[in-house]
Amino acid sequence: MKKSCLLLLLISFSNLINCQVIDNNIQGYYQAKSDSSMYSFFEFDGNGKVNIVGLGTGDYFTKGDSLIIYPDKSIFKFKIKNNTLVGASSWVENETWVRKDTIVTNNRKDVALSKKKAVLLHEYYKVADTKSALDFMLNDAAAKAQTEKISKLCNQGLSKACLDYFGILLMEDQGLGAILDPQKNEKAKIPNPEIIALGNKIIAQDEPEGYTVLGTYYYILGNKEKAAEQWNIGVSKGSQKSGMALIQIEME
């Protein structure tokens with residue numbers, strides 16, 4: 001009797017630990033079960049990056065049987081059931097994606113580093129999920145505290161946090177008007193060394209979107225040649241956003 005009770009206790013403890021495991025080792029091609037799904041497939045690289053229907057790359061982590069994807073500024077939540085993903089949030093709710101045998105490159109080269117990225121993204125999830133953007137706009141103290149948390153995660157090596165921090169510095173440096181309409185930008189045209197350094201830091205973290213945001217900064221400053229140079233490098237590194245930026249300036 002005592003042995004069976006001990007065995008049940010150990011099994012329960014093991015299940016509890018497994019439920020708390022944070023990682024990003026899910027890998028492979030998941031195809032939507034329905035032809036009418038807005039997102040026909042997700043392609044996970046086993047290292048925290050996911051190709052979303054070929055239109056862009058997002059960040060992801062898993063915690064137990066939960067999967068969280070950041071496509072950009074929004075968030076997708078799923079439940080993992082064997083080789084199936086079940087949507088559990090806006091845009092993906094109640095839809096299903098099934099793992100296929102399609103070959104997908106596994107970019108998981110350093111397990112310890114991969115797990116660190118997953119843990120940091122989980123911390124980002126806890127920080128970013130607290131208040132809405134409007135709350136921060138109406139509360140300077142809360143906005144400052146949030147910025148400090150994002151900056152800390154950036155310094156710990158989370159590129160997504162660095163991209164957010166880049167946006168915060170860009171807003172402070174140039175203002176919302178310049179970002180929405182660079183052609184009417186009347187702010188100083190001299191590059192801010194802190195912003196340039198942050199962009200290079202994001203690039204050093206092997207994040208192609210570092211080229212995208214640096215190019216955007218140069219574009220806002222009026223240096224279209226330098227902007228295009230950054231975006232072209234971004235495209236060569238696999239950034240769809242850099243490609244879209246280049247198409248946009250060609251259409252002007």
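Cut-offs applied
Residues numbered from 1 in each chain as written. Predicted model: local features only at pLDDT ≥ 70, side-chain atom pairs only at ≥ 80, totals over all residues. Heavy atoms only, no water. Buried < 20%, exposed > 50% of the residue type's maximum accessible area, 1.4 Å probe, protein only. Helix = DSSP H or I, 4+ residues; strand = E, 2+ residues; numbered from the N terminus. Pairing = 2+ DSSP bridges. Core = buried A, V, L, I, M, F, W, Y, C linked by side-chain atoms within 4.5 Å. Contact = heavy atoms within 4.5 Å. Patch = residues over 30% accessible without salt bridge, like charges linked within 9 Å, V, L, I, M, F, W, Y side chains within 5 Å. Areas by Shrake-Rupley, 256 points an atom, 1.4 Å probe, with all protein chains shown as cover. Salt bridge = Lys/Arg side-chain N within 4 Å of Asp/Glu carboxyl O. Axes fitted to C-alpha atoms, helices over the stretch in contact; angles between N-to-C directions. Parallel < 35°, antiparallel > 145°, perpendicular 65-115°, else oblique. Left-handed = near helix turned anticlockwise from the far one by under 90°. Nonpolar A, V, L, I, M, F, W, Y, C, P; charged D, E, K, R; others polar. pLDDT = per-residue confidence, 0-100.

Undergrad: Where do I start with the pairing of strand β2 (residues 27-32) in this structure?
TA: A regular strand places its side chains so that they alternate between the two faces of the sheet. β2 sits mainly inside the fold: 5 of its 6 residues count as buried. Note that β2 and strand β3 (residues 41-45) share 5 bridges and pair antiparallel. Counterpart to G28 in the pairing with β3 is F44. With 4 bridges connecting them, β2 and strand β9 (residues 96-100) associate as antiparallel partners. Counterpart to Y29 in the pairing with β9 is K100.

Undergrad: Is there a simple way to explain the nonpolar core in this structure?
TA: In a soluble, globular protein the nonpolar side chains are often hidden away together inside. Counting 40 residues, the largest nonpolar core has Y124, F166 and L198 as the members making the most contacts within it. Secondary-structure elements contributing two or more residues to this core are β6 (66-70), α2 (111-128), α4 (140-155), α5 (159-180), α6 (193-204), α7 (209-220), α8 (224-236) and α9 (240-250). Among residues more than four places away in sequence, those in contact with L198 are C154, C162, Y165, F166 and L169. Listed in part, the 20 residues of the second largest apolar core include F42, Y60, W97 and V104.

Undergrad: In this structure, what is going on with a nonpolar patch on the surface? I would like to understand it.
TA: A cluster of nonpolar residues, M171, L176 and L180, forms a patch on the protein surface that exposes about 310 Å² of accessible area. Tracing the sequence through the fold places M171 in helix α5.

Undergrad: What am I meant to see in the packing of α5 against α6 here?
TA: Where α5 contacts α6, the two axes come as close as 10 Å, and the packing angle between them is 165°. Relative to α6, α5 is oriented roughly antiparallel. As α5 runs across α6, the sense of the crossing is left-handed. Facing C162, L163, Y165, F166, L169, L170 and D173 of α5, the residues of α6 in contact are E194, I195, L198, G199, K201 and I202. Here the contact of α5 with α6 is built from residues that sort into 9 nonpolar, 1 polar and 3 charged.

Undergrad: Where do I start with the confidence of the model for the protein chain in this structure?
TA: The predicted coordinates should not be examined in detail at positions where pLDDT is low. Taken as a whole, the protein chain shows an average pLDDT of 88; of its residues, 87% reach a score of 70 or greater. Low pLDDT, under 50, characterises residues 1-18; the predicted model gives this stretch 1 contact beyond four residues in sequence or across chains.

Undergrad: Explain unusual backbone geometry here, please?
TA: Only a minority of non-glycine residues have a phi that is not negative, and only a minority of peptide bonds are not trans. For N82, which is not a glycine, the phi torsion comes out positive at approximately 55°. Tracing the sequence through the fold places N82 in the loop between β7 (76-81) and β8 (84-87). For N82, a relative accessible area of 74% translates into the label exposed. Phi at W91 takes a positive value of approximately 80°, unusual for a residue other than glycine. Considering the arrangement of structural elements, one finds W91 in the loop between β8 and β9. In this structure W91 comes out as exposed when scored by relative accessible area, which is 54%.

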